[in-house]
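Residue-level structural notes
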Amino acid sequence: MVFSYISHLYCPKCSSTYDHLKIQQLCICGSPLLVEYKIDELKRNLAPEQIQKRSASLWRYHELLPISSTENVVSLGEGMTPLVELKKLSQEMNIENLLMKDEGLIPTGSFKARGATVGVSKAKELGIKKLAMPTNGNAGAAWSLYSARADIKATIVMPIDAPKITREECAIAGADLFLVNGLISDAGKIVGEWINRNNIYDASTLKEPYRIEGKKTMGFEIAEQLDWKCPDVIVYPTGGGVGLIGIYKAFKELIQLGWLKSDKLPRLVAVQADGCAPIVKAWEEGKHSSDFWPNSSTKAFGINVPKAIGDFLVLDALYNTDGYAISVSDQELFTEQRTVASLEGTFICPEGAAAFSAIRKLRGNGWIKDKDKVVVLNTGAGIKYPDSTDVQVPILQPDDILS
Ligand SMILES: *Cc1c(COP(=O)(O)O)cnc(C)c1O
Ligand SMILES: [Zn+2]
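Residues numbered from 1 in each chain as written. Chains lettered and ligands numbered in written order. Predicted model: local features only at pLDDT ≥ 70, side-chain atom pairs only at ≥ 80, totals over all residues. Heavy atoms only, no water.

Quick notes on the sheet that holds strand 3 (residues 34-37)
Threshold: Between any two strands, at least two bridges found by DSSP are needed for them to pair. Numbering of helices and strands runs from the N terminus; a helix is a DSSP stretch of H or I covering at least four residues, while a strand is a stretch of E covering at least two.
Taken together, three strands build an open sheet; the order of strands is 2-1-3 and the sheet is antiparallel. At either margin of the open sheet sits one strand with a lone partner, and together these are strand 2 (17-18) and strand 3.

In structure tokens:
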């Protein structure tokens, strides 16, 4: 049995192709590279019913993942997160069908583990011993832990304001961790320079072609969990946009395979914060790339990305699916986080809360219809950010209870 149907890498900008058996980073034209599979061959050899019998991990889609040999898989049992029905919130927002894909229930507590399991596995397969990356926290944490499991030395550079727990995750895994007084873009510059000098594998967002392959499995899972039917809308908190590009790529591969019961892609929504909304601005202006967002700031740390290298891919995905880009304020997302927890009993992360808040707005302006089936990604666990809520915790004395 063939474990992976990977064919080669290609550039979505200039169409150059590359060999996946060698270490590759960006295209010579500067664009990220994407993975192409032998879809026609796979179509003949695999039916979706066969997938359904496999174990509940994202590796159930191994034919559509880039690892050639099963021995190189570095896994902690990630994927197949639940698609949770939110009946009370649906009713409150007047949406017939609102479902949350809960990525809080994954090793490391954020969906970054999807990118890490696939990215680190491929790095191992390529014989890489050292890698480096800038991060807003969750990616660095996940890559540190998966790298430890794969005997790869990780060097992580993160902003000093990133959630503290993610520092500890890097440190406990034995990664070299550096904190910078700045943004992820500043961390990226340091990593870039260091990598050039030392010839180290650059695991930055989209500078290696495999993290996105892990994240695309969210799209496969949503389709499979809905019995190979697309939802009408998928709402995603967008920083670097890898998850959104990945979900879009997943649905296109499923259509090529003929596995979907409809050929209409879900309308994709990119959600950003008012304090860092380069994709929203570009989309509103009808552009195909974004401008650096100066002095970006939001408490939803995972989406504080002032300029994404894959911005043109995010925007293409939005335009090609009749999607939408929208931003929300930190105040709005914190209010939504409380609403979701108190109505549905789920403590979502601030980034996920931004997505919920966006749904409320898009229902308000009529873009989301009452009959739409809407899937929202909660990209991480609220408990990873104990200091990022605006809830007032009452401090009561025993006497107060009894009086
Ligand atoms: C990284 C991250 C995001 C943004 O993901 P991208 O794929 O980079 O757009 C959203 N939420 C959380 C919790 C994250 O860690
Ligand atoms: Zn190119």
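Observations concerning the environment of Gly380
Rules: Accessible area is worked out with a 1.4 Å probe on protein chains only. A residue is then buried under 20% of its type maximum, exposed over 50%, and partly exposed in between. When checking whether two residues touch, look at their non-hydrogen atoms; a contact exists if any pair is within 4.5 Å.
Residue position: Gly380 is located in the loop between strand 13 (373-378) and helix 14 (398-402). Given the relative accessible area of 1%, Gly380 is considered buried. For the pair formed by Gly380 and Ile106, sequence separation is 274 residues and the distance between their alpha carbons is 8.2 Å. In this structure, Gly380 is in contact with Glu103, Gly104, Gly109, Ser110, Ile348 and Cys349, ignoring residues within four places of it in sequence.

A look at a nonpolar patch on the surface
The criterion, for reference: Only residues whose relative accessible area exceeds 30% and that form no salt bridge enter a patch; like-charged residues are grouped when within 9 Å of one another, and nonpolar side chains (Val, Leu, Ile, Met, Phe, Trp, Tyr) when within 5 Å. In short, Shrake-Rupley with a 1.4 Å probe defines the accessible areas, and a residue's cover is counted only from the protein chains shown. Salt bridge, as used here, is a side-chain nitrogen of Lys or Arg placed within 4 Å of a carboxyl oxygen of Asp or Glu.
Nonpolar side chains collect at one region of the surface, where Val391, Val393 and Ile395 lie side by side and expose about 320 Å² of accessible area between them. If you trace the backbone, Ile395 turns up in the loop between strand 13 and helix 14. A residue is classified by how much of its surface remains accessible, and Ile395, at 70% relative accessible area, is exposed.

Notes on the layout of surface pockets
The criterion, for reference: Two kinds of site are reported from a 1 Å grid over the protein atoms alone, namely cavities, where a 1.4 Å probe fits but cannot get out, and pockets, open sets with protein on both sides within 12 Å along at least five of seven lines, and residues are called lining when an atom falls within 4 Å of a point. Grid points are joined across faces, edges and corners, and a volume is the space filled by probe spheres set on the points. Three classes are used: nonpolar for Ala, Val, Leu, Ile, Met, Phe, Trp, Tyr, Cys and Pro, charged for Asp, Glu, Lys and Arg, and polar for all others, with Gly counted as polar.
Reported here for the largest pocket is a volume of approximately 760 Å³. Residue lining of the largest pocket: 43 residues in total, with Ile184, Thr205, Gly240, Val305 and Lys307 positioned closest to the centre. Within the residue set of the lining of the largest pocket, elements represented by two or more residues are helix 5 (138-149), helix 7 (184-198), helix 8 (211-225), strand 10 (233-237) and helix 11 (311-320). The element best represented in the lining of the largest pocket is helix 7, accounting for four residues. Within the lining of the largest pocket, the residues separate by chemical class into 17 nonpolar, 17 polar and nine charged.

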